[in-house]
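# Results of the structural survey
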Amino acid sequence: SKVLNLITLNKCLYREPNDLGLMSEKDVEELRLSLDNIKISGKDCPKPVTKWSQLGLSSEIMDLISNELQFVTLTPIQCQAIPAIMSGRDVIGISKTGSGKTVAFLLPLVRQIKAQPPLAPDETGPIGLILTPTRELAVQIQEEALKFCKGSGISSICCVGGSELKQQINELKRGVDIIVATPGRFIDLMTLNSGHLLSPTRISFVVMDEADRLFDLGFGPQVNQIMGCIRPDKQCVLFSATFPSKLKHFASRTLKNPIQITINSKSLINENIQQRVQIFDEEHVKFEFLLKRLSDRLALHRGEDEKTIIFVGSQQLCDLLYDELLLNGITTFPIHAGKPSAERLRNLQKFKETDNGILICTEVLSRGLNVPEVSLVIIYNAAKTIAQYVHTVGRTGRGTNNGVALSFVMVDELASAYILVKCMKENELSSVPMVVYQKLKEMNDEFSSGLKTGKYRLIQGFGGKGLDHLDELNEAKQ
Ligand code: ADP
Ligand code: MG
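Below is a short write-up of the structure. Predicted, not measured: the structure shown is a model, and the values here were computed from it. (Residues numbered from 1 in each chain as written. Chains lettered and ligands numbered in written order. Predicted model: local features only at pLDDT ≥ 70, side-chain atom pairs only at ≥ 80, totals over all residues. Heavy atoms only, no water.)

## Structural notes on the state of the cysteines
Two cysteines whose sulfur atoms are joined by a covalent bond form what is called a disulfide. Taken as a whole, this structure holds zero disulfides when the rule is applied. Counting only cysteine sulfurs, Cys236 is the nearest neighbor of Cys229, a cysteine outside any disulfide, at a range of 13 Å. What makes Cys229 partly exposed here is its relative accessible area of 36%. The closest cysteine sulfur to the non-disulfide-bonded Cys423 is located on Cys79, 17 Å from its own sulfur. (Disulfide = S-S within 2.5 Å. Buried < 20%, exposed > 50% of the residue type's maximum accessible area, 1.4 Å probe, protein only.)

## A look at the pattern of salt bridges
Considering all chains together, one arrives at 16 salt bridges under this definition. When the shortest N-O distance is used, the salt bridge between Lys307 and Asp305 registers 3.2 Å. On the basis of relative accessibility, which here comes to 0%, the residue Lys307 falls in the buried class. If you follow the salt bridges from partner to partner, you end up with Asp319, Lys339 and Glu343 in one network. (Salt bridge = Lys/Arg side-chain N within 4 Å of Asp/Glu carboxyl O.)

## Focus on helix H16 (residues 414-423)
Summarising burial for H16: eight of the 10 residues are buried, a large majority. Those residues of H16 lying buried are Leu414, Ala415, Ser416, Ala417, Tyr418, Ile419, Leu420 and Cys423. The elements touched by buried residues of H16 are helix H2 (25-34), strand E9 (273-280), helix H15 (386-393), strand E14 (403-410) and helix H18 (434-453). (Helix = DSSP H or I, 4+ residues; strand = E, 2+ residues; numbered from the N terminus. Contact = heavy atoms within 4.5 Å.)

## Focus on the packing of aromatic side chains
Within the structure shown, the criterion is met by eight aromatic pairs. Aromatic pair Phe289 and Phe408: ring centres 5.6 Å apart, planes at 85 degrees, arrangement edge-to-face. In this pair, Phe289 is assigned in helix H12 (residues 283-300) and Phe408 in strand E14, connecting sequence segments 119 residues apart. Its relative accessible area of 0% is what places Phe408 among the buried residues. Aromatic rings pair up to connect Phe280, Phe289, Tyr380 and Phe408 into one cluster. The ring of Tyr380 has Lys286 lying over it, and the distance from NZ or CZ to the ring centre is 4.3 Å. The ring of Phe351 carries the charged tip of Lys307 above its face, separated from the ring centre by 5.7 Å. (Phe/Tyr/Trp six-rings, centres within 6.5 Å; stacked < 30°, edge-to-face > 60°. Lys NZ or Arg CZ within 6 Å of the ring centre and 35° of its normal.)

## Examining unusual backbone geometry
Each neighbour pair has its own omega, and for Gly125 with Pro126 the value is 0 degrees, a cis peptide bond. Checked against the element boundaries, Pro126 lands in the loop between helix H5 (101-115) and strand E3 (128-131). Positive phi, close to 55 degrees, is recorded for Asp44, a residue that is not glycine. Here Asp44 is to be found in the loop between strand E1 (38-41) and helix H3 (59-68). Residue class for Asp44 comes out exposed when judged on its relative accessible area of 67%. Although it is not a glycine, Asn356 sits at a positive phi angle of roughly 55 degrees. Its relative accessible area of 12% is what places Asn356 among the buried residues.

Printed below as a string of structure tokens:
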């Protein structure tokens, strides 16, 4: 039968580089957060890469990327989708327009074609099929594909309605590795000459680009028809800016055990939380600033109930700050893991009952804390990881309430500056006083370049205790 004649597919063309192998699951979570909040669903997704050199690409492709195209780093969707696709998996990639999705599928496609036997003289091809909703997009992808094919002996043609059919037929007769097509034109070509011009037997890799638009424009039935003609063990990847339910239904019917990658360009922080920052070069100045901030706040909100949480980096600091504030006439409620649980419970209860109550605690103890009256969070020791920051900030602005999250950063806390620049919204950053902004930017730049060279890295939590699961982050955000 036909099926028995199919060549064996070798879809797994990726080997995890050693440096990634050493990363813990927590490190990977933090890395995904830092890459515009990559969210994964589906089993056994490979870790994201951050350098082109981790992908085991040929020197020709490396040369194209670094010298000709001058792509210094991978975009977030590329970091995650390329290793996933190169592992042979069906992938759904959701990422906003302009985020580099084309390269995310072209690179693995070219790699897979190279790994397969070339087309035999009696084979028509293609091996890779890229379906797009519009002619313009097909033409654009074709231009990009030609760059990746150059010098490799791989051929690619663009088949769209409205263009010269005769010329397309002539090119197809010679056999072609990649076809970029609109669904209608592809079906036409498949049925021409009762299937002798273009046979789907060698197709092993199918891309549906701008899949949301494919379905919006009513190409659903045609795409289904095409899929039905292609060998069942083909690799399918689907890229889209949005993922509406119509597309979800299609994907769940068509893709096998897919990995879904969503790049969440939305902020990690709830809209109703205002993020602010203060930079200090001396600890005592930081304490005095806190003292003034708290006294002003207590005076301002007399007769109301505007609670505050102060996050500190250690149990010792928690106790110290409690004493110092008390000496200055400000009563707070401290909780940390070093206190007996009865005392912790009692302090938490008092904090809830006291108007304008102030809680001092370590990040770990605040998990799941939901006190609606908290309208200010002061992060006295700036967060060391994005996960920790997001979780901490999420203690305010519960539900539809507004909240302020104020981070205190010492001049040498570069990672914290990097995290804040990543998480703060444009308007929040622009409302920071110019000198503070410049300092923050400088610290961020220093850390960012250190991240690339390996001089710096984001570490997990205070004393190595990070979040257990990403789910907790969502809970923090609620
Ligand atoms: P999308 O399909 O997500 O809308 P494209 O694939 O069309 O985005 O890419 C948008 C632009 O970004 C293109 O001009 C492309 O050449 C460029 N680009 C892609 N990857 C990178 C990268 N890693 N670094 C810099 N620019 C890139
Ligand atoms: Mg695109």
